[in-house]
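Results of the structural survey
In case you want the letters, here they are:
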Amino acid sequence: MSAAPRVEVLVLGVGSSGGTPALGCTCPTCTSPDPRNVRTRASAVLRAGGQTFLIDTGPDLRQQSLREQLLRVDAVLYTHPHADHLNGIDDLRAFCWLQKAPLPVFGNRLMFTHIRERFPYTLLQPTAMWDKPVLDFTEVHAEPFEFAGVTVQPIPLLHGKWPILGWRIGNVAYLTDVSDISDESLALLQGLDILLLDCLRERPHPTHLSVAQSLEWAGRVAARQTVLIHMTHELEYHELGRRLPEGVCVGFDGMQLVSGSGE
Ligand SMILES: [Zn+2]
Ligand SMILES: [Zn+2]
Ligand SMILES: [Zn+2]
């Protein structure tokens, strides 16, 4: 069995759709002085084989990129077209401009339909100015594909009734906004080192995992380490962290993790 590739994870944001602090809220999480309670919208960078993969383009992409000095994006892996995962798409023009090249983008058919309807100008030919994002969209399903020598595995998931995608590279998987995982997709999540997993809030939600459901799935997937993401302000970093089992931790903006040893 060949060794898994080294994958570096940079967590850009672990917030839910509204971010934390929530606008107008004065709850303990929203007024916490701890930066780990400040959550921008959910997104992450996976680096493998010299390639930088950006997962989703939420409305905080610009600030996240500045904060983490993100200088290059080689491909975007989209999970689904909700505003908190898509609406920062216009800021991709900076990376197209820097690289003077169209940016390869991967997602499922639902994703492509929404980008075509809501941001059609991102799918046009580049102009000499490179003043708009120029995206080269590839529709994918459940089959793994190669990108510049890196194997990328889409993970079909359900987000309520929506078919969406999680992503796996090497032994790292990123599953946000998920309410159910099929047996076929669970089989694609074997042997994980790091699992980033949706954990919206305490109470059940029709299109997300609650804390109890998230822990249940974490146990079933049994990654070496599970990192909870996409949390609302109802979940305070320390309070939640104290009651998690071994091998599960609360994610935070700027968190960095490494899986595998390379080659
Ligand atoms: Zn979301
Ligand atoms: Zn609050
Ligand atoms: Zn969503």
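Just above, that's the structure.
Residues numbered from 1 in each chain as written. Chains lettered and ligands numbered in written order. Predicted model: local features only at pLDDT ≥ 70, side-chain atom pairs only at ≥ 80, totals over all residues. Heavy atoms only, no water.

**Comments concerning the nonpolar core**
By size, the foremost hydrophobic cluster in this structure holds 57 residues, and its most contacted members are F53, L77, V152, W167, I169, L175 and L196. Once residues lying within four places of it in the same chain are set aside, the contact partners of L175 are I155, L157, G166, W167, I181, L189, L195, L196, L197, D198 and I229. (Core = buried A, V, L, I, M, F, W, Y, C linked by side-chain atoms within 4.5 Å. Buried < 20%, exposed > 50% of the residue type's maximum accessible area, 1.4 Å probe, protein only. Contact = heavy atoms within 4.5 Å.)

**Details of the pairing of strand β12 (residues 225-229)**
Of all five residues in β12, four are buried, a share of seventy percent or more. In this structure, strand β11 (residues 194-198) lies alongside β12, joined through five bridges in parallel fashion. For D198, the partnering residue across the bridge sits in β12 and is I229. In terms of handedness, the path from β11 via helix α6 (residues 211-221) over to β12 forms a crossover that is right-handed. When β12 meets strand β13 (residues 248-250), the two strands line up parallel, connected through three bridges. Within β13, the residue paired with V227 across the bridge is C249. (Helix = DSSP H or I, 4+ residues; strand = E, 2+ residues; numbered from the N terminus. Pairing = 2+ DSSP bridges. Right-handed = clockwise from strand over helix to strand, strands pointing away.)

**Considering the coordination of the zinc ion (ligand 3)**
The zinc ion (ligand 3) binds to the protein through H80 (NE2), H82 (ND1), H159 (NE2) and D177 (OD); the donor distances cover 2.2 to 2.3 Å. Taken together, the four donor atoms coordinating the zinc ion (ligand 3) span angles of 89 to 170 degrees at the metal, a pattern that classifies the geometry as irregular. Expressed as a motif, the donor residue spacing for the zinc ion (ligand 3) is H-x1-H-x76-H-x17-D. (Donors = N, O, S within 2.8 Å, 3.2 Å for Na, K, Ca; no water. Tetrahedral: all angles 85-135°; square planar, octahedral: opposite > 155°, others 65-115°.)

**Considerations on the sheet that holds strand β2 (residues 43-48)**
Spatially, β6-β5-β4-β3-β2-β1-β14 is the arrangement adopted by the seven strands of the open sheet, whose pairing is mixed. Each of the sheet's edge strands pairs with one partner strand only, and the pair in question is β6 (135-139) and β14 (256-259). Between one strand and the next, the sheet's axes are offset by a mean angle of 25 degrees, whatever the strand orientation. One ladder, built from five bridges, connects β2 with strand β3 (residues 51-55); its direction is antiparallel. Paired with V45 across the strands is L54, a residue of β3. Running at roughly 140 degrees to strand β5 (residues 103-107), helix α3 (residues 92-99) makes contact with β3, β4 (75-77), β5 and β6 of the sheet. Those strands touched by helix α4 (residues 109-118) are β5 and β6, and its axis lies near 150 degrees from that of β6. (Axes fitted to C-alpha atoms, helices over the stretch in contact; angles between N-to-C directions.)

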